[in-house]
Amino acid sequence: MDKTQIEKILSEVRDLKCKTAKEVEDARVRLLGKKGEITALFDEFRTIAKEQKKEFGQQLNLLKNEAAQKIAELKAAASQDPASSKPSDDVTMPGDPFSLGSRHPVSIARQEIVTIFRKFGYDVAEGPEIEDDYHVFTALNFPENHPARDMQDTFFVSAGHLNPLLLRTHTSCVQVRAMENLPLPIRIICPGRVFRNEAISARAHCIFHQVEGLYIDKNVTFADLKQAILLFAREMFGPDTQIRMRPSYFPFTEPSAEVDVSCNICHGKGCNICKGTGWLEILGCGMVDPNVLKASGIDPAVYSGFAFGMGIERIAMLKWQVNDLRHYFENDMRFLHEFSRCVEV
Ligand code: DAH
């Protein structure tokens, strides 16, 4: 074994220059590969005399380590060189767009309704989704055999009981709990989820949302009801909105009415949204029936009040011209993103 040979390869390693990753790899093979120059020296080392091993062994190990380190350095430098085979990531590029979530349109509509009525001095009240028959029907003056109590409409939680538990079919039951528990006068709105045993279609769903309103005080009249609804409609659908009231029937109000707003698309001229009538139905309402006041311990000779109830999905459909209720439940991102720019009032 020849010392000058080791020194020659060492100086060659120290002077080694490579531009590309390929050149580095070629150098590695030439020096440290299976048939490389340094590997060959190690093969030769096995054959030398014992007394020479210590000296040559140290030198060979130094050479091998220095060569391996140099190759690693050259490799790292080559991979950062844009001229080298694979381009590295460009850290100055703009990042991937980051899309934020947004509120659900039903939440946006509910919040808008709540905000409008808060401005009128209404408080928000809530009640349980699993209610009993008494609060959903009996206290609201539903006759014993009224079809709304039928299994067809109502999801019962426990049947066969005198006062069975059920999933509330409307939020009107929250007004009963309010009349039982709150001091008079009462001015509340009750947003919440309701359940009905209905086939799912473009216009009906077994789960939806309502807002109930209730105002009870001395001398509350139908004119107050009409004014409250008119102001609400104008805040919700625009300042030019008109309302009309049609006589109707609900067990818990007398007299009762259904309210239409002038179509905010054709402005009364008639279009396919309002089916050519110029009007869109938005809610049911009326003066609280004296029987309902009495059931909750309020004297109808002293107090009177009005109530109203509306479907949130329906209000949202009319406001944003959504033609199928099912969109609200499918959570298709393309649909939800349509509302990401809606600002809550
Ligand atoms: N509870 C009724 C429904 O679910 C809506 C309603 C109508 C509520 C008239 C009222 C009202 O308070 O006065 O269809």
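For the structure itself, look to the data block above.
Only a predicted model underlies this, so the values are computations on that prediction, with no experimental measurement involved.

Draft legend 1. Structural detail: the overall build of the protein chain. Each helix and strand counted, the protein chain has 12 helices and 10 strands in total. The C-alpha radius of gyration computed for the protein chain amounts to 40 Å, which surpasses the reference 20 Å derived for 345 residues by more than 25%, pointing to a less compact arrangement than a globule. Once the C-alpha set of the protein chain is aligned to its principal axes, its extents read approximately 125 × 50 × 35 Å. Across the protein chain, every contact between residues at least 6 apart in sequence was considered, and the portion connecting residues at least 24 apart equals 65%. The averaged location of the 47 negative side-chain charges in the protein chain is 6 Å from the averaged location of its 42 positive side-chain charges.

Draft legend 2. Local environment of the sheet that holds strand β6 (residues 207–217). Taking strand neighbours across the sheet as the criterion, the 7 strands line up as β1-β5-β6-β10-β9-β8-β7 in an open arrangement whose pairing is mixed. The open sheet terminates on both sides in strands that have one partner only, identified here as β1 (123–124) and β7 (243–250). On the sheet, helix α5 (residues 105–119) packs against β1, β5 (186–195), β6 and β10 (304–311) and is oriented at approximately 165° with respect to β5.

Draft legend 3. Structural context of the environment of Glu 25. Mapped onto the secondary structure, Glu 25 falls in helix α2 (residues 21–32). Residue classification places Glu 25 among the partly exposed residues on the basis of a relative accessible area of 36%. Remark: the alpha-carbon pair of Glu 25 and Val 176, spanning 151 residues in sequence, is separated by 84 Å. Only 3.0 Å separates the side chain of Glu 25 from the side chain of Arg 28, close enough to count as a polar contact.

Conventions adopted
- For every chain, the first residue of its written sequence is number 1, and the numbers climb from 1 along that sequence.
- Two thresholds apply to this predicted model, a pLDDT of at least 70 for residue-level local features and 80 or more for giving and counting side-chain atom pairs, whereas whole-chain, interface and lining totals are computed over all residues.
- Side-chain measures were taken over the full set of non-hydrogen atoms in the model, leaving aside hydrogen atoms and water.
- Think of it this way: any DSSP run of H or I at least four residues long counts as a helix, any run of E at least two long counts as a strand, and we number them from the N terminus.
- Radius of gyration: over C-alpha atoms. The globule rule applied is 2.2 Å multiplied by the number of residues raised to the 0.38 power.
- Note on definitions: a residue-residue contact is assigned when non-hydrogen atoms from the two residues lie within 4.5 Å.
- Within this scheme the basic residues Lys and Arg register as positive and the acidic residues Asp and Glu register as negative, but His and the chain ends are omitted.
- Charge coordinates come from a single atom per side chain, which is NZ of Lys, CZ of Arg, CG of Asp or CD of Glu.
- By definition, two strands form a pair when at least two bridges between them are found by DSSP.
- Lines fitted to C-alpha atoms define the axes here, with helix axes fitted over just the stretch in contact, and angles between the N-to-C directions of these axes take values from 0 to 180 degrees.
- Relative accessibility decides the category of a residue: with a 1.4 Å probe and only protein chains considered, values under 20% of the type maximum give buried, values over 50% give exposed, and everything between is partly exposed.
- Polar contact criterion, stated in full: a pair of N or O atoms within 3.5 Å, where within protein one must be able to donate a hydrogen and the other to accept it, and residues adjacent in sequence count only if both atoms are side-chain atoms.

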